[in-house]
Each structure stands twice: as structure tokens, then as C-alpha cells.
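Structure at a glance
If you want the building blocks of each chain, they are given just below.
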Amino acid sequence: MTTRLIPFIRDRAVGQSLPAPFYVDQEFFDLDLDEIFSKRWLFVAAEAEIAEPGDYVTITFGTRSVIVTRDDAGRVRAHHNVCRHRGARLLTESGGSTGTIVCSYHSWTYGMDGRLLYADAQAPGFQKSCYSLRSVHVRTIAGLVFICLAAEPPTDIDEVAEIVEPYLRPHGLAGAKVAKQTDLVEDGNWKLAMENNRECYHCDGHPELLNVFFPTWGYSDNEAIPGRLRPVFARYRQATAELIEIWDRHGLPYPRIEQLDTRTTGFHIEREAMDLAGESFTLDGTIACTRLLGDFGEKRLGRLSMHMQPNMWLHVTSDHALLFSVIPIAPDKTLVRTTWLVHADAVEGVDYDLDRLTSVWDITNQQDADLVALAQQGISSPAYIPGPYGPSEFQVEAFINWYITALRANLAIPAAPITPTLITDTAETA
Amino acid sequence: MTTRLIPFIRDRAVGQSLPAPFYVDQEFFDLDLDEIFSKRWLFVAAEAEIAEPGDYVTITFGTRSVIVTRDDAGRVRAHHNVCRHRGARLLTESGGSTGTIVCSYHSWTYGMDGRLLYADAQAPGFQKSCYSLRSVHVRTIAGLVFICLAAEPPTDIDEVAEIVEPYLRPHGLAGAKVAKQTDLVEDGNWKLAMENNRECYHCDGHPELLNVFFPTWGYSDNEAIPGRLRPVFARYRQATAELIEIWDRHGLPYPRIEQLDTRTTGFHIEREAMDLAGESFTLDGTIACTRLLGDFGEKRLGRLSMHMQPNMWLHVTSDHALLFSVIPIAPDKTLVRTTWLVHADAVEGVDYDLDRLTSVWDITNQQDADLVALAQQGISSPAYIPGPYGPSEFQVEAFINWYITALRANLAIPAAPITPTLITDTAETA
Amino acid sequence: MTTRLIPFIRDRAVGQSLPAPFYVDQEFFDLDLDEIFSKRWLFVAAEAEIAEPGDYVTITFGTRSVIVTRDDAGRVRAHHNVCRHRGARLLTESGGSTGTIVCSYHSWTYGMDGRLLYADAQAPGFQKSCYSLRSVHVRTIAGLVFICLAAEPPTDIDEVAEIVEPYLRPHGLAGAKVAKQTDLVEDGNWKLAMENNRECYHCDGHPELLNVFFPTWGYSDNEAIPGRLRPVFARYRQATAELIEIWDRHGLPYPRIEQLDTRTTGFHIEREAMDLAGESFTLDGTIACTRLLGDFGEKRLGRLSMHMQPNMWLHVTSDHALLFSVIPIAPDKTLVRTTWLVHADAVEGVDYDLDRLTSVWDITNQQDADLVALAQQGISSPAYIPGPYGPSEFQVEAFINWYITALRANLAIPAAPITPTLITDTAETA
């Protein structure tokens, strides 16, 4: 990293969006990959994607391709997707199933546990045991697979798991199946994709989602809410009261836990009511899959929502789960992957119509991609200056806090003494 | 800017094309955007493109997108196309008409004068007046709109306006209408696009244009003219004598004023005769639009031509005006925008056939684009060395003088003492 | 060159693939063009491509475009493809025939010997003789054309020519004709394309080629050969014995000469037997062209194979010759050009079927391109660490030796003292 980046990290002004270089500069992008995506836990897949031994997915962060697989003993493993001979990429598909990992170049062959099993025509004294695939730390939490590329991953993942597992486990994600997975490339920096997800201030741009998603999310009391949203807020309070009764009846934990910028593995989890029928992400709020997740007979559970820094959020309703991962491609390109899970026994065309199950978020994702692209374009202008976050954007602020804190910690950059921010804008309208 | 660029600016050799880095290097491209395109007056549109209040065009120099609009009071205004909240681009179309400027992201809403009118759900104490759009200096001259991105624009624009307005105003461009606008992306540096326009030494590559455009342009007397051009030169002198009589009769100023490299806002203006019928840029030289510009009944006016550094040239004949703007995209990519204006009352299909009106310059532009691409390719070779300008390329030299002078002034780089240029070319043909 | 590249060149570990920056870094790519491709002899064409005076080919190394032509006196010449006026590229086609070289921009006109013949409308005193095209050193060897972009090319090309001409000349390549030429862009660094060609350890990926190409190439004795290849090795020894008799009968030199990393113009030449009918690169090994090259009546000559650093290899059988050149485009893009030569009198459709002549190497080239792309992808990961070359990859090692030696010599970088390489891989499989 060149030293010119340091002042930006040291002097970040609280309460405002970040300066442009964080979003547009190749060096900051490289820094994000090295310091955030190589040193924090990343959500990479659902266990449902690698249900059987030999199943694998590959996932690429920048130039780092990783194989996530289930070994013959049923354990989830992760290895760098790089042959130990002359470095060829090993598995080229995004996923599949295989007995061994064979390099296409010179047929070096590895077990699903990463051990080199076979290398043709080597000199006497060649030690196969020296050429195992380089392993990557991996951790599952209630059916979700996380990796960490660092040699020494953050250890607080265990505490986080302990907190979130009681929320997640009743929904049986580990035994679910993938109904659909989409990859959407957004024309914006990965942080803009994350920021966009952390507030509903922009939710007027999501008319389909707003049938069931209360746009009052992020408002803490009735007084701060715009007049036009007060009827919605009343419905939200009524629905919440009804849901608390249901959650209590089923013994489901629901309090909001907000540790987005107060720990290394920042996260947030909560249960929330939904509008209309309150069951699922459909236009009328009724379930989209008649075979419900877990062991509930209860259709109306609202949504369980969780965020984890730096690259994940999810929603679980009674009938399906929606998992999102954010994968940086370039300073101005980000892959957003969406995975819909339903019960393993649910049958497409019988228990659910795929289009009805996925259409609301397919549309919502595209709307978000368009907004992220506009933000990237505007921020790229030298005329951009950081603007103020409003009260309902507090989780955007928390994301930025977490991000800046991570960079400062990794790079041993102290914060500048906090002084009131005075933006001198000399280019006022005449 | 890194210091490695300085010697190139300091040591520029007079009478020769520039060294390769000026045309191929990303750092020089960034420098051009920062020091030329952000600090000089730029031609951006015809007033005819924003005839009514609420009409707007957007124009982008590098990453700087600017909204040029007419406010409710009829004044032309320019603002950066960047929301003051989280920086989203506001207007995404190249032009249109609107009552207010609404950000797609969080609905912050601005008046056409740039004032923030509305921002939802802000904390108490939020001051709308602090978040007007950042304004850009704007100036109209006889129906042409210029902006300057600098905080303190060059002041000599007033002197230039005073000189050129008597030439331009009789043609009534402010009240004209747009017949057609084309955007052509040339595969070459913006300076090559400008240089190409500043000489007719290459005009053999424009057979269609040469029906009416005298290729003797740039030759100052009969002796220096190649033999094959002497008959043309005789026609040119004859036509000029006839035109002077016409111009005098209508009280149209016509003397050539050449201040291309002698002031900050370098320009050139002149009237010239044209060949054949001498009326318009058509294959036989007769008018393409029967409803003439301004208040003349006179079809044969030759052409009024004007250049302005760094990014504009234009031609006006009795029946239409042709405006050209040059917009850098990348070191090797440049947008050339061509706008055809006709009288506001002219009716397509009745007073003019659009194809006949525009075909000569459509073809000529493409020919120029091909030549600029060849220049870019060759200059990119390490084998390229600057070559000598011939006598008829004196306006290319003037453009380069202006450019180098601007960089030296902005960057406080003194010129090297002038010494005779000795190019030692050791790679002579064996 | 920035100093950060130096340690990589100085500390290169013997017996291993190169560290990633050599393959993925733009600065190393630029260095390769400046220090390897601008200072060593490069194979650019067959003389058959420029058989007649006025014939030319253009070839581009990075931004360096070169015209290779035959002048009116029948001599092969090479010049930079850059006009001496304002630098435009002169010839835009990959090949053709012309009487003079005329710049499209301002019609400056050069002879095929590079002399400026004509420049319109120049000031008195303009010296045409000062503006010849910049020449490039050129050398033909038995029908193959080599250029060197350096002012002072390596002089050992004469020694190399003296050694290889007796091998090549009997096949009459200078009088052959081009049957087909293909350009394949591989998604990998040029060194990976070269390395890939320097070993047959990967030949299981070439099932079509292996019908006639002994995959035992690179194994020095029976003991080191994998068991599955022993029957093939027996056939190879039998075929070799038979071929030696044939080569001796025709007075064809055949001993392997291996000077790949022991001289500036590193090369390798040898004759080898081929499997099945042993005549040509066809699926059954029989000739693909009934009009044989040179003056032999003998169909079964095996293959004459030659490599030359940094960018060429070739194979000659009794009926055709296959020439390969490697042309860097970007750190991760390389053009591999393949040229098939047959006797000048051979008639397509009569003496040879083009598809049968070329299909084996068309397929093989694509297979190699796929492998090179995998190598590039894997090496781009930060998880890549150099791996060990096996015994049969000794020519890959020789290529890397040559390359590192060239960089060290050109840049005056001493080698680090050789110490045993200990790769500490802390990321072992758990």
C-alpha cells in the first residue's frame, strides 16, 4: 500500500459517506481485498450447495479462487484452487461433484482433503506430502459456510455462532435445498452494494418489495417518521405485537442484537414482522412454498434477518430462505449472489412455483443494482463531496465504522483526533 | 502529477509534433482533464438544445458530469450532476426536460437553479440551504453555451465574446433549432482530433468535402502551392473577390482574426468563400435548407468559421450551422459531437432533406476518425519520433503552442532555453 | 523499470516455476517487451509470405509495428510502420503487396527500401533524405525471417545460422508456399505459451497429436519412464533406429544440438522419429501432401524440430512445415501464430486436403491455449507458490534460465548466491 491512502483512513469524518477514493481507486480496491476480504470471515455458500461428499463449489475473491467441498468423511473443507506443480487452476466450474481433484495440466491428483495422491514421473526423493493443496479456514454456522483466507482468522466467530445459531437453527437450513441461485454484476464498488442494503431510506425504489417490507425500517419512533409513513408505522406496530405472540409460542428468539461495529466479526440479527399476510416475500405476503422450512406448521413467522460484515445478509421466512453474498470484482464491479433455499422435500411445480418464489427479489436486486450504478457514477466525479447520513441510515454508518476500524487495526493507523467537520464548499449556487 | 511529466512540458520543441507521452500516457490524459478541461472555457451545447425552461443537457468530461439547463427565469445554468447526499448521479439521459431534479436514490429534490427543495426524514437542524447542487460557471455567446469547471474562470472570455459576436449574431443561432446531432467516438487522443481539424494538408482524404471546401486553405500565397492546386487557387481568389462584395453589401464582418495562441481563451474566426455554388456543405454547393438562417435573403454567403481552444470549431453557411465539440474519454478515445442547426421554422421534409443536409460532414467525420486512429496507432510505437510541421500546418502548431503554454502557466513550469533541435536518428536506412 | 522488480530477477530459485509477478504484472510485461522482445532476434515470418518484390507483412510486438517486405532488388527489408511526418501508422493490413508505402494521412510516400520519395508542399530546404523510415535489422535463415529491434543485435545469430542451415536447407522452405496461417489468442502470459511448448509432460491433453508424437519426449532413459509409457518407448527406439538409417541415406544431419540457455540466441534443433507411419502430423501418420518438400522422394523422414528463444518453434516433415511464433499482447494475452508451408507447386484439393493437413495442430493449439489459460488463472492467485519442475521439464527450465540470464545481463543484475530453496508452507492441510 502506498502512503497516500493513509490520510483517508486516518481522517475519516463521522456521519458522512466516504471520500471518493475508497470507491473508485484501484489501490483502495486492492487494499480491500488484502485487508478486508483476506482477513475477515466471508460467507461463501449454503451447506445445501455441497450436500454430499465430493460436492464442491468454487468462489473467487479477486484473483483468489477457493474450492469449498465436503470430504469423504462429510466434513466441509476449503482449499486454494491452485495446483502445487506449476500453479494451474484446478476446478473451473462454479460447482459440481467429483471423487478427486485432478489438474488438467499434468494430472497431479488431490484428494478432497487436499492431499496430493498422485504425480507422474517425478524424480526419486519427490515428497508428495510436501505438495498438499494450501488449505483455507472454514466454519459452518447452522447450514451457512464461511471461510477466512488469513493464516489466523478472527476468533470471535465462535461467540457470533453461539449468539446466532439459536435464531437460525429452528429453520433447518443445513437440510434445505437450493431452489435457485442468481449472479448479478453491479456496476459499483462492493461497499456501495453493502451500504445500499443497510438502509431502507431508498425503499421507494422497490414498489414490489414494499408490499410486504415495512419501509419504516430504520425509524426508531413515530415522531421522526415522515407523515406519509405514519399509517404504515401503525400497521407495523400492530403486526409486531401479533408476531411476538407467535414467536413466543414457538420459542423462537427475536430480540434485535446489533453488533455491527463493536466486534471484529460484526453482525446484526433480528426478527421483524412483515406487511399484508406477513408470511413471505410475495406480492400479497402469503407463502410461496407449501412445504415449510424446519418443523413449523406456522406460516406467519415474519422474517428472520441477519447481516454479517463484510459481505453477507439473509432473510428467512417460514417457507424459504434468501442468502446474499457480495463479491468484489473491480473498483466499480461487484458480484451479488442470491440463493433461494426451500425445504429439501419441496418439489418444484408441486410445492412451489419458482417464479412466484423468486420474482420479488429478482426485481428488487435489479433495482438495487441500478441505484448502486448511479452512486458509483456520481461519486466518480471530482465534484463529489461526502454528504450527511440521515437518522435512518445508521446501519450504513455502522458498516463504514466497522470497515474503517478494520483498516486502522490491520494497518496500525491511529484515528485522527475528532474535530467538528467543516466542509467548505466554495462552489455555491450563485 | 508526477515529476516525470515536467521535462516534456518544459522542453517541447517548436515546429514539431509532440512526443508520444502526450498522446498515449494515462497521466498526461489526467493532466489534460485537470489542467485544460477543468480550467478553460469549454463549448458544451447550442442554446437551441435548451430552448425552454426545464430543458437540460448533460455533458461529461472524464468523470465530471455537468447539467446544463435553462431555469424558470429563462437563464442558462450549469451544475455538477452529483447529489449532495451520497453522491448519486442525478440525470442519466443526455438531454430532456424536467420541472425539478430528483435523485433516483433517496428522492432529494433540487430546483433548476440548483437549490435543494426537499430531503425526506432528516434530523432536526438539517439545513437544506447547505446542500445546493455545486454550480459550474456558464456563459452564452450568440447562442453558444460555454462552461468552465474552474472556481475562477479565465476572464478574457468577455473580450472574445465582444470580438466574435458581431460575426455570429447575424446568423441567429440563438433562435435556431437542432436538425441532427451525432456522437462519433474516435480511437485517438483528443489532441489528435483537434490537430486534425486545424489543417487541410490531409484534405485529399475528404473527396466529398472538397467539392466545396477549397483545399488551398492554409496556403498563404500562390508560390508555395503545389502545382496541382494552382487552378483551384485561382478559383478561390475569384470566389473570394465575389464574396467580399456580398459580405460588404450585408454589413457582415469578414476579416480573419487569429488569436489561437496569443490569449488564454485562444480562438480564430474568419469568413471564407466556398467552391461551386458556394452556398452550403453539399455536393454541388447549393443550399440544403430553403429556410435560411437569420434575416438574409442571400443564399451565397460562403462560410463563417470559428475555432476555440481547446475543444470547439464551427461553420455557418446561409442555410445551416455546424457545431463541433471534442470530449476526451481516454488517452486513446475521444468523442466528437456534431450538431446541425437550421432555422427554427424550417420543416424537415419540406424545407430540407436531412440526409442531404448532413451527408457531407457525416462522411467527412468518419474519414477524420479513421485518420486520427492511424495517428494514434503509429504514435504509440516506441519508434515514433516527432516530425516536422509543414507551412500549411501552422494552426496545428498554434494549437500545440496554446496547449503547452496553458500547461506551463498552470503548473508554473518555465520553458527551456530554445536551442536548435537536433534529432539524432541512428536507425537510418542501410 | 522500478526497483521492486530487481529482487525477483536476482533471486530466482533454480528448479522451480517463476514467481507470479513475472506472469501477471504489467511492469514485468513492459520489461519483457523492452529487454527481451526489443533486444533479441525474433522470428516474424516465412520468406514464402513475401515471395515477390513489393510483398509485405506487418507484425506488431506490443505497440511496435514493423513492416517486413521484399524490396525491388529482392532483398528482405524491415522498417518501423510509423510515418516520419506526424507518426501515423502506414500499412494497416497484416499483409499484401504494394509498389510504394503511402501514408494515408498526408500522402508522404516511401520506397520499399524505406526512402522518402515524396512529401507535398514542404518549405524550401526540407530534406527528404532526413526522413527515411526507421529501419529494423533483419536476417533470413533458410527461408525463415528474423528481425531484431535493437540498434546492435546479438551477433551470434551468424553462428546459429551456420549450425541450423544444414538441417533446414534440404527441405526447401525458402521456395515453399503458405497453405494456411492461423492466429490464436491465448489467455496467458507469453512465457506460459513458451513453457507449455517446451515439455510433453502435459501431452495426455493432446490425444490427436499423440497418434504420431511420442509422449516419451523428454525422458532420457527407460528407467525413469512411467510404466504405462514403456511400450511406447520401445516403439520409439525401434522407429529411431529405422529413421537414422533413412537420414543417413539422404545425408540429413540429425544429432540433437541443445544450446537453449548457453548462448544469447538460444536454440535447439534435432530430428526425431514419429509413431505409426512416421511421415506427417496426421491421425495415421501418413503424408497429408503428395507433393513433398525439397527434393526427396522419401515420405518417411520423421520430424525436424527447432526452437529459438524467445518466440519460435517449428516442425518439418517430408510433406510440410509448421512454423509457430509467439507474440505478447498483454500480461495475460498472447498471440500464437501458426503457419503451414507446403511445396510451392502443391495444389490444394489435388496434392493436399487443407483440413487433413492442418486439423491435428489446429486441435492441439486449442488444447494448449486452454492449458495456458488455466495456468494464468491459477498463478494469478496470491495462494500460488512456485512449484518444482520434474525431470521431463528440463527444457522449460532451460527457457527460464535463458530468460533470467537475458534480464540479468541487460540490466546488470548479479545473481543472488545460490542457497538451497526452503519453501515454508505454513498453510498445510489440517
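Residues numbered from 1 in each chain as written. Chains lettered and ligands numbered in written order. Predicted model: local features only at pLDDT ≥ 70, side-chain atom pairs only at ≥ 80, totals over all residues. Heavy atoms only, no water.

Chain A carries the name Aromatic ring-hydroxylating dioxygenase subunit alpha in an unreviewed UniProt entry, which gives Gordonia prachuapensis as its organism. The UniProt entry for chain A carries the following comment under Cofactor (unreviewed entry): "Fe cation". (UniProt positions renumbered as here; feature names shortened; annotations may be inferred.)

**Structural notes on the relation of the copies chain B and chain C**
Its rotation angle being 120°, the transformation that places chain B on chain C also includes 0.0 Å of axial translation and leaves an RMSD of 0.0 Å. Accordingly, the operation relating the two chain copies is best matched by a three-fold axis. (Least-squares fit on C-alpha atoms with pLDDT ≥ 70 in both.)

**What about the pattern of salt bridges?**
Taken as a whole and judged by the stated rule, the model has 87 salt bridges over all chains. As a salt-bridge pair, Asp156 of chain A and Arg263 of chain A come within 3.0 Å of each other at their nearest N and O atoms. Of the two residues, Asp156 of chain A sits in the loop between strand 10 (144-148) and helix 4 (157-168) while Arg263 of chain A sits in the loop between strand 12 (257-259) and strand 13 (267-272), which places them 107 residues apart along the sequence. Each member of the pair, Asp156 of chain A as well as Arg263 of chain A, is classed as buried. Between Arg4 of chain B and Glu27 of chain B there is a salt bridge whose closest N-O contact spans 3.1 Å. Highlighted residues: Arg4 of chain B in the segment before helix 1 (6-10) and Glu27 of chain B in helix 3 (residues 26-36), separated in sequence by 23 residues. On the accessibility criterion, Arg4 of chain B (39% relative accessible area) is partly exposed. (Salt bridge = Lys/Arg side-chain N within 4 Å of Asp/Glu carboxyl O. Helix = DSSP H or I, 4+ residues; strand = E, 2+ residues; numbered from the N terminus. Buried < 20%, exposed > 50% of the residue type's maximum accessible area, 1.4 Å probe, protein only.)

**Topic: the interface of chain B and chain C**
The interface of chain B with chain C comprises 34 residues on the first partner and 33 residues on the second. A salt bridge links Arg86 of chain C to Glu199 of chain B, with the shortest nitrogen-to-oxygen separation between them at 2.9 Å. For the interface between chain B and chain C, the tally reads 14 residue pairs in polar contact (both at pLDDT 80 or more). Secondary-structure elements contributing two or more residues to the side of chain B that touches chain C are helix 5 (190-197) and helix 7 (354-379) of chain B. When the residues that make up the side of chain B that touches chain C are grouped by side-chain class, the tally is 18 nonpolar, ten polar and six charged. (Contact = heavy atoms within 4.5 Å. Polar contact = N/O pair within 3.5 Å; in protein donor to acceptor, adjacent residues only side chain to side chain. Nonpolar A, V, L, I, M, F, W, Y, C, P; charged D, E, K, R; others polar.)

**Some thoughts on the packing of helix 5 (residues 190-197) of chain C against helix 7 (residues 354-379) of chain C**
Residue and element names in this part refer to chain C. Contact geometry of helix 5 with helix 7 gives a least axis separation of 10 Å together with a crossing angle of 125°. When the axes of helix 5 and helix 7 are compared, the pair comes out oblique. By crossing handedness, the relation of helix 5 to helix 7 is classed as right-handed. Of helix 7, the residues touching helix 5 (which contributes Leu192, Ala193 and Asn196) are Asp368, Leu371, Val372, Ala375, Gln376 and Ile379. (Axes fitted to C-alpha atoms, helices over the stretch in contact; angles between N-to-C directions. Parallel < 35°, antiparallel > 145°, perpendicular 65-115°, else oblique. Left-handed = near helix turned anticlockwise from the far one by under 90°.)

**A look at the state of the cysteines**
Residues and elements named next belong to chain A. For the structure on display, the rule yields three disulfides over all chains. Across the disulfide, Cys200 is cross-linked to Cys203 (sulfur-sulfur distance 1.9 Å). The sign of the S-S torsion, about -115°, decides the handedness of the disulfide formed by Cys200 and Cys203: left-handed. Residue Cys200 is classed as buried on the basis of its relative accessible area, which comes to 7%. A disulfide-free cysteine, Cys103 has its sulfur positioned 3.9 Å from the sulfur of Cys83, the nearest such atom. (Disulfide = S-S within 2.5 Å.)

**Points about the UniProt feature "domain: Rieske" (unreviewed entry) in chain A**
The residues that UniProt annotates with the feature "domain: Rieske" (unreviewed entry) are residues 42-147 of chain A. Counted over residues 42-147 of chain A, helix gives 0% and strand 41%. Its end C-alpha atoms are 5 Å apart.

**Quick look at helix 7 (residues 354-379) of chain A**
Under the 1.5 Å per step criterion, the end-to-end length of helix 7 of chain A is 37 Å for 26 residues, consistent within 8% with the ideal 38 Å. Within helix 7 of chain A, the axis deviates most sharply at Val360 of chain A, by approximately 30°. (Expected span 1.5 Å × (residues − 1). Bend = angle between axes of the 7 residues up to and from the residue.)

**A short note on the sheet that holds strand 15 (residues 312-316) of chain C**
Residues and elements named next belong to chain C. Spatial ordering of the open sheet is given by 11-17-16-15-14-13-12, a layout of seven strands whose pairing is antiparallel. In the strand order of this sheet, the two ends are held by strand 11 (176-186) and strand 12 (257-259), each with one partner. For this sheet, the mean inter-axis angle between neighbouring strands, taken without regard to orientation, is 15°. Pairing of strand 16 (residues 321-330) with strand 17 (residues 333-343), which is carried by nine bridges, proceeds in the antiparallel orientation. Along strand 17, the bridge assignment pairs Ile327 with Leu335. (Pairing = 2+ DSSP bridges.)

**Let's talk about the sheet that holds strand 5 (residues 95-97) of chain C**
All names here are of chain C. On the basis of which strands lie adjacent, the open sheet formed by four strands has the order 4-3-2-5 and antiparallel pairing. The open sheet terminates on both sides in strands that have one partner only, identified here as strand 4 (76-80) and strand 5. Within this sheet the neighbouring strands show an average axis-to-axis angle of 25°, counted without direction.

**As for the packing of aromatic side chains**
Residue and element names in this part refer to chain B. Under the counting rule described, the total for this entry stands at 57 aromatic pairs over all chains. Ring geometry for Phe22 against Phe28: centres 4.3 Å apart, planes inclined by 40°, an arrangement best described as tilted. Residue class for Phe28 comes out buried when judged on its relative accessible area of 0%. Here Trp313 and Phe324 contribute two aromatic rings whose centre-to-centre distance is 5.0 Å and whose plane-to-plane angle is 15°, an arrangement assigned as stacked. Within this pair, whereas Trp313 is found in strand 15 (residues 312-316), its partner Phe324 is found in strand 16 (residues 321-330), the two being separated by eleven residues in sequence. Of the two residues examined, Trp313 and Phe324, each falls in the buried class. (Phe/Tyr/Trp six-rings, centres within 6.5 Å; stacked < 30°, edge-to-face > 60°.)

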